[in-house]
Amino acid sequence: VQEISRMKTLIQEMLDLSRAENVDIDYKDEITEIYSTTEQVFNNFKIIHEDFDFYLDSDDDGESLYIQAFRNHIEQVLIILLDNAVKYSRDRKEIHVSISKSFTKVEIAIQDFGEGMTDEDKEKVFGRFYRIDKARSRDKGGNGLGLSIAKQLVEGYKGAIRVESVINHGSIFYIEFPILNDTRQIYKSKQIAERKKL
């Protein structure tokens, strides 16, 4: 039963990876408000993982901040990164999320204080099926595809993803997206979304 469950997860991840290759075409009219989306995923993790301390630092000034991306995909990327942060935190169960913006880009950083990784791991961690510790990763239920899916999705929306890490001291994953400033496109995307609901 465990093996069947693992294979189902693997197949779903492979499908996600395949679909992620065409997001810029299939979801070109989708937009996502980044503050509310990040805060929703953050709050969900706070509820699910009561034994962890979660902290959110945001420069949200009350105005909406949009990127050109499908909301479900942004949620998926955040879930992958936060899930990894939880999985690889051992003693210090503390996770920090921050949202910051410049004139043209918004950046989300997710920091844990867990196992960290070597320089070799940092170079390979976004590759398909790569797992930092093969034995421990299998115990944690990973197939080594999560970060590859996240990378494909982020880059599909003209974003960037990177990691800073020190072995035994934790990791910080950064995702960055261009800010959507075209008010006409935002209005058009909202109209399309409303029509889909009807």
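Because the structure is predicted, anything quoted here is derived from the model rather than measured.

Caption draft 1: Spotlight on the overall build of the chain. The helix and strand tally for the chain stands at eight helices and seven strands. In the chain, 72% of the contacts between residues at least 6 apart in sequence involve partners at least 24 apart.

Caption draft 2: Examining the sheet that holds strand 7 (residues 170-178) more closely. Taken together, five strands build an open sheet; the order of strands is 2-4-5-7-6 and the sheet is mixed. Each of the sheet's edge strands pairs with one partner strand only, and the pair in question is strand 2 (53-58) and strand 6 (160-166). Between one strand and the next, the sheet's axes are offset by a mean angle of 15°, whatever the strand orientation. As judged from the six bridges shared by strand 2 and strand 4 (residues 94-101), these two strands associate in the parallel manner. Paired with D53 across the two strands is E94, which belongs to strand 4. On top of the sheet, helix 4 (residues 71-87) reaches strand 2, strand 4, strand 5 (105-112), strand 6 and strand 7; it is set at about 25° to strand 5, its chief contact.

Caption draft 3: Looking closely at the confidence of the model for the chain. Here the chain averages 84 in pLDDT, while 80% of its residues score no lower than 70. pLDDT under 50 marks residues 134-138. Its contacts with residues more than four places away, or in other chains, come to eight contacts.

Caption draft 4: How the structure looks around the nonpolar core. Counting residues in hydrophobic clusters, the biggest one holds 42 residues, and the most contacted among them are I110 and I175. Elements that contribute at least two residues to this core include exactly helix 3 (34-48), helix 4, strand 4, strand 5, helix 7 (146-156), strand 6 and strand 7. Considering each element in turn, this core owes the most residues, eight residues, to helix 4. Excluding its chain neighbours within four sequence positions, the residues that come into contact with I110 are L78, L81, L82, A85, I95, H96, V97, S171, I172 and F173.

Caption draft 5: Summary view of the packing of helix 4 against helix 7. The N-to-C vectors of helix 4 and helix 7 enclose an angle of 145°; their axes lie 9 Å apart at closest approach. Two packed elements cross with a definite hand, and for helix 4 against helix 7 that hand is left-handed. On helix 7, the residues that touch H73, Q76, V77, I80, L81 and N84 of helix 4 are G146, L147, I149, A150, L153 and V154. The class makeup of the residues in the contact of helix 4 with helix 7 is eight nonpolar, four polar and no charged.

Caption draft 6: Focus on the pattern of salt bridges. Tallied over the entire structure, the rule returns 12 salt bridges. Two residues, E94 and R92, come together in a salt bridge whose shortest N-O distance is 3.2 Å. On the basis of relative accessible area, E94 is assigned to the buried category, the value being 16%. Across the pair E176 and K105 runs a salt bridge, and its minimum N-O distance is 3.4 Å. Of this pair, E176 sits in strand 7 while K105 sits in strand 5; the two residues are 71 residues apart in sequence, bridging distant segments of the chain.

About the criteria used
Residue positions are counted from 1 within each chain, in the order its sequence is given. It should be noted that, the model being predicted, local features are given only for residues of pLDDT at least 70 and side-chain atom pairs only at 80 or more, the latter also being counted only at that level, while totals for whole chains, interfaces and linings use all residues. Hydrogens are left out, water is left out, and the side-chain values use all remaining heavy atoms of the structure. Counting from the N terminus, the helices are DSSP H or I runs at least four residues long and the strands are E runs at least two residues long. A contact between two residues is defined here by any heavy atoms of the two lying within 4.5 Å. Strands are labelled as partners when DSSP assigns at least two bridges between them. Only the stretch in contact is used when fitting a helix axis, every axis being a line fitted to C-alpha atoms; angles between N-to-C directions are given from 0 to 180 degrees. Each residue gets a pLDDT score, which is the predictor's confidence in that residue and runs from 0 to 100. In this text, buried Ala, Val, Leu, Ile, Met, Phe, Trp, Tyr and Cys residues form a nonpolar core when linked through side-chain atoms within 4.5 Å. Exposure classes here rest on a 1.4 Å probe applied to the protein chains alone. A residue is buried below 20% of its type maximum, exposed above 50%, and partly exposed in between. Crossing handedness is defined as follows: a turn of the near helix away from the far one that is anticlockwise and smaller than a right angle gives a left-handed crossing, while the clockwise case is right-handed. Classes in brief: Ala, Val, Leu, Ile, Met, Phe, Trp, Tyr, Cys and Pro nonpolar; Asp, Glu, Lys and Arg charged; the others, Gly included, polar. Salt bridges are defined by distance alone: a side-chain nitrogen of Lys or Arg within 4 Å of a carboxyl oxygen of Asp or Glu.

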